[in-house]
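# Coordinate analysis (summary)
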Amino acid sequence: MREGADGLGEPHISLKSCVEQAVDARDGLLRTLALNIHQHPELSFQEHQAMQWLLEPLAEAGFEIETGVAGLETAFRATWGPSDKPVIALLAEYDALPEMGHACGHNLIGTAAVGAALALRDACPDLPARIAVIGTPAEEDGGGKIIMCNAGVFDDVDAAMLCHPRNLTTVNRGSLACVDTTFKFYGRQAHASSAPEEGISALDAVIQSFVAINALRQFLKSDVKIHGIITKGGAAPNVVPEFCEAKFILRAITVEELETVREKVYAAVRHSADAVGARCEIEEGLVYAERNNNRALAALFKENLVSLGLEVSDLPARAGLGSSDIGNVGQVTATIHPYIRIGDVSNHTPAFRDAAASEAGLIALNQAAKALAMTAYDLAVNPQALQAVREEFEQWRANKTSYAHSP
């Protein structure tokens, strides 16, 4: 018998080919689904139509459907397979960006997860695993996965993965921990010319805050990112503004280091408000954890990408990092967030939005669905592979706990 890379032999290779063929058989459906979601973008926590479109083929294939997961109207879980077998989660994202639509390609991410699950159901009806497509809303703004993690949605998951479109194909890119924060400044209104001494400028408090934060930058680590905008700056130049607002995103390499950044920035902002006699309120969003890529799982995914004829790039661990709420999932279970190339475009741009509905994007959708399905298959039929993934995660968690409690 000719042995495959995992030592499981020709029957295993043949079944993986069947999984690929099953994705191809569903290609027309997946293209239509991805384009429908792309043409009808919905913002965070409002993805009702996208959720229904993703669920329809899963329900038709016999998946058990649960909506309203973790109390979120547009979160769902669709499961198939024995309840006493390992749970492999394929994560679906489907929210869009304000004004720009699907400029991050979430129409491809959600559809690839559904396509992979359908292919496994079609090709391997006796798969020794429980496949869960978990619909995770509000990745762009709101941290849907964080809310779902806090509700225990991923506690029984043995491995979780999604595949994100990008300008190259890679499997081990990290991310930064981050938090979005709104600073609200309250002053006192007055006529800016005839009675300025009666006023307290909330806008001056905002401007002083930006100056103070910029003064901090040279004393922060190089991987710290701070970016903000003024969302309310006053109503008229001849009126001392009584209320102004600024929004910031703070990022650092870990949640622990982010805490240090938050303390310094918040102190700078409070002192800036005090300096002009204004009052400041701080409203903080959910904390996105840094990404914990499971290397054993990423290696399986890479092997499957290569078997599909794709060139996989190796990136420096901290190259060009953003943030994602999948980092919080990676704190709970073994997780990966690989990328697949859809063109020479950068995400969160109109060009990326167009690429997410292009022929190259739809081909990448097919490839992503295949790689997800093949990797889930590997975990299901090869106990040693799943054991290696779980052991790596448990060792990471033990080390993190030990570090957190060290003197």
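A brief structural summary. A quick note: this is a predicted structure, and the numbers were derived from the prediction, not measured. (Residues numbered from 1 in each chain as written. Predicted model: local features only at pLDDT ≥ 70, side-chain atom pairs only at ≥ 80, totals over all residues. Heavy atoms only, no water.)

### Some details on the environment of alanine 50
Keep this limit in mind: The helix count covers DSSP runs of H or I at least four residues long, the strand count covers runs of E at least two residues long, and both are numbered beginning at the N terminus. Only protein chains enter the area calculation, which uses a 1.4 Å probe; residues under 20% of their type maximum are buried, those over 50% are exposed, and those in between are partly exposed.
Residue placement: alanine 50 occurs in helix H3 (residues 48–60). On the accessibility criterion, alanine 50 (1% relative accessible area) is buried. Measuring from C-alpha to C-alpha, the distance between alanine 50 and glycine 110 comes to 8.9 Å, with 60 residues separating the pair along the chain.

### Quick notes on the packing of helix H2 (residues 27–39) against helix H11 (residues 359–381)
To keep it simple, the criterion reads: Every axis in this analysis is a line fitted to C-alpha atoms, fitted for helices over the stretch in contact. Angles between the N-to-C directions lie between 0 and 180 degrees. Throughout this description, any angle smaller than 35 degrees is read as roughly parallel, any larger than 145 degrees as roughly antiparallel, any in the 65 to 115 degree range as roughly perpendicular, and the remainder as oblique. Handedness of each helix crossing follows the sense of rotation of the near helix against the far helix: counterclockwise by less than a right angle gives left-handed, clockwise gives right-handed. By definition in these notes, contact holds between two residues if any of their heavy atoms fall within 4.5 Å. Charged residues are taken to be Asp, Glu, Lys and Arg, nonpolar residues to be Ala, Val, Leu, Ile, Met, Phe, Trp, Tyr, Cys and Pro, and polar residues to be all remaining types, Gly included.
Contact geometry of H2 with H11 gives a least axis separation of 10 Å together with a crossing angle of 125°. Relative to H11, H2 is oriented oblique. Crossing of H2 against H11: the hand is right-handed. Facing Asp27, Leu30, Arg31, Ala34 and Leu35 of H2, the residues of H11 in contact are Glu359, Leu362, Ile363, Leu365 and Asn366. The class makeup of the residues in the contact of H2 with H11 is six nonpolar, one polar and three charged.

### A look at the environment of threonine 79
Quick reminder of the rule: We call two N or O atoms a polar contact when they sit within 3.5 Å, provided that within protein one can donate a hydrogen and the other can accept it, with sequence-adjacent residues counted only if both atoms are side-chain atoms.
Mapped onto the elements of the fold, threonine 79 is located in strand E2 (residues 76–80). Each C-alpha atom of the pair threonine 79 and alanine 117 lies 9.1 Å from the other, and the pair is 38 residues apart in sequence. Leave out the neighbours within four places in its chain, and threonine 79 touches Phe63, Glu64, Arg130, Ile131 and Ala132. At 3.1 Å, the side chain of threonine 79 and the side chain of arginine 130 are in polar contact.

### Some remarks on the sheet that holds strand E11 (residues 243–252)
Applicable threshold: For two strands to be treated as a pair, DSSP must find at least two bridges joining them.
Strand order in the open sheet formed by four strands is E9-E11-E7-E12, and the pairing between neighbours is antiparallel. Every other strand in the sheet has two partners, leaving strand E9 (225–232) and strand E12 (279–288) as the edge strands with one partner each. Across this sheet, the average inter-strand angle for adjacent strands is 15°, counted without regard to direction. Sheet topology note: the strand E7 (residues 177–186)/E12 ladder contains eight bridges and is antiparallel. Bridge pairing links tyrosine 186 to arginine 279 in E12. Across the face of the sheet, helix H6 (residues 202–216) comes into contact with E7, E9 and E11 while running at roughly 20° to E11. Here helix H7 (residues 255–276) sits on the sheet in contact with E7, E9, E11 and E12, set at roughly 10° to E7.

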